[in-house]
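# Examination of the molecular architecture
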Amino acid sequence: MDTVKRSPIGLEYLSYEQLDAFGAELDALRQRVLDDLGQEDADYIRRVVRVQRVSEVLGRLGIFCPFAWPVFAGGIGALALAKILENMEIGHNVMHGQYDWMNDPALDGQRYEWDFVAPSEDWRHGHNFLHHTYTNIHGLDRDIGYSTFRVDAAQPWQPRHRFNVPLALGLMLIFEFGVLLHGLERQEYRRGKISAEVFQVRRNRALKKIGRQVLKDYVAYPALALPLVPFVGWWAPLAVLSGTAVANVIRNAWAFTVIFCGHFPAEVQTYTRSDAENETRGQWYLRQLLGSANITGSRLFHVLTGNLSYQIEHHLFPDIPARRYPQIAAEVRKLIEKYQLRYNTGRLSRQVRSVLHQLATYSRRPASDAH
């Protein structure tokens, strides 16, 4: 007699047989896309890399012209664009292994190091493995609220959650440092879940990466502006430093917004560890679907998000090149209609309002906790 407990995920929507069929159809869709990858995909990512590099050069040159404010402002914008493209459409997607099939060392997911203070090695472990394997499972996915915010009723309320909204707005400005601290897993170390040796290695790696990023952005480039001092004034290096800082803040705010809108709007579901125990492939797919949210927008908008505006498709197929998500989304929508499931999507303004509402709602102490 079979006594293995079966996961209940998705049974309010589909039977086990339907869940298996749903999973098989998504597996088939994934394989069709993987079999179709080729020169167009390679040309696309290399084109994005070229645009990113040109944008960075123009941005760096622009912020060396603080005496011409339109040029200086344009330089900040170009540098911010370069950093957004590098983090979102290149770094994030390359480190998912989306272009490993090209055998290009510059696009190798295991070796790529992005323009971000968070070391790529720690990010790959926390994001690619923990988050994408255990998406929205309490106790396994540390990305639920990023160990800081309460975004779900199942999370125990703590006094710091009163400051959900202001803390989120503050994190938005320094998001890269938030990602770094999240990757350190200090709480896991304190709970004895990772060893002192592992934590020490991560901390040293983080400090080295911070040093490299600070040296590049806030020391080396401002120092190159020193020859401008006799012609512009003592503030020339400070202008370069400030312009770089503003570009980083713009990138941080954009990445924060896209990621929070893909994970924390209303209707995004979470699960318990017992719920996910012994889940099937179809149930895993359904958990990814119901635990994510998309953002509608133009083609340029999607590129600037790294196509993470298709967060549902990304969670379903994290190793498929993100440029394929618009194509995949059309087929996913047909499947969802066929199985009468929900597809959480909306304009950026709608998803931002939804995230803010969630943060504000769960910042309040539940009545059941009152003494």
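This section reports on the structure supplied with the text. (Residues numbered from 1 in each chain as written. Predicted model: local features only at pLDDT ≥ 70, side-chain atom pairs only at ≥ 80, totals over all residues. Heavy atoms only, no water.)

So, about the side chain of His138. With respect to the helices, strands and loops of the structure, His138 is situated in the loop between α4 (120-133) and α5 (164-173). The exposure class of His138 is buried, given its relative accessible area of 19%. The contacts of His138, once residues within four sequence positions are left out, are Ile144, Asp152, Ala154, Gln155, Thr270, Tyr271 and Arg273. (Helix = DSSP H or I, 4+ residues; strand = E, 2+ residues; numbered from the N terminus. Buried < 20%, exposed > 50% of the residue type's maximum accessible area, 1.4 Å probe, protein only. Contact = heavy atoms within 4.5 Å.)

The subject of this paragraph is the pattern of salt bridges. One pass over the structure, following the stated rule, counts 24 salt bridges. Look at the salt bridges and you will find they share partners, linking Glu56, Arg60, Lys83, Asp115, Lys216 and Asp217 into a network. (Salt bridge = Lys/Arg side-chain N within 4 Å of Asp/Glu carboxyl O.)

Here we come to the packing of helix α8 (residues 196-224) against helix α10 (residues 236-263). Across the interface, α8 lies against α10 with an axial gap of 8 Å and an inter-helix angle of 145°. Crossing of α8 against α10: the hand is right-handed. Across the interface between the two elements, Asp217, Tyr218, Tyr221 and Pro222 of α8 pack against Pro237, Val240, Leu241, Thr244, Ala245 and Asn248 of α10. (Axes fitted to C-alpha atoms, helices over the stretch in contact; angles between N-to-C directions. Left-handed = near helix turned anticlockwise from the far one by under 90°.)

Moving on, we come to the layout of surface pockets. What the largest pocket holds in volume is close to 810 Å³. In this structure, the largest pocket is lined by 43 residues; those nearest its centre are Tyr146, Gly178, Val179, Leu180 and His182. Among the elements of the structure, α3 (69-95), α4, α5, α6 (175-184), α7 (186-190), α10 and α14 (311-316) are those that each provide at least two residues to the lining of the largest pocket. At nine residues, the largest contribution of residues to the lining of the largest pocket is made by α6. Of the residues contributing to the lining of the largest pocket, the split by class is 21 nonpolar, 16 polar and six charged. Approximately 570 Å³ is the volume attributed to the second largest pocket. (1 Å grid on protein atoms, 1.4 Å probe; cavity = no way out; pocket = protein on both sides within 12 Å on 5 of 7 lines; lining within 4 Å. Points joined across faces, edges and corners; volume = space filled by probe spheres on them. Nonpolar A, V, L, I, M, F, W, Y, C, P; charged D, E, K, R; others polar.)

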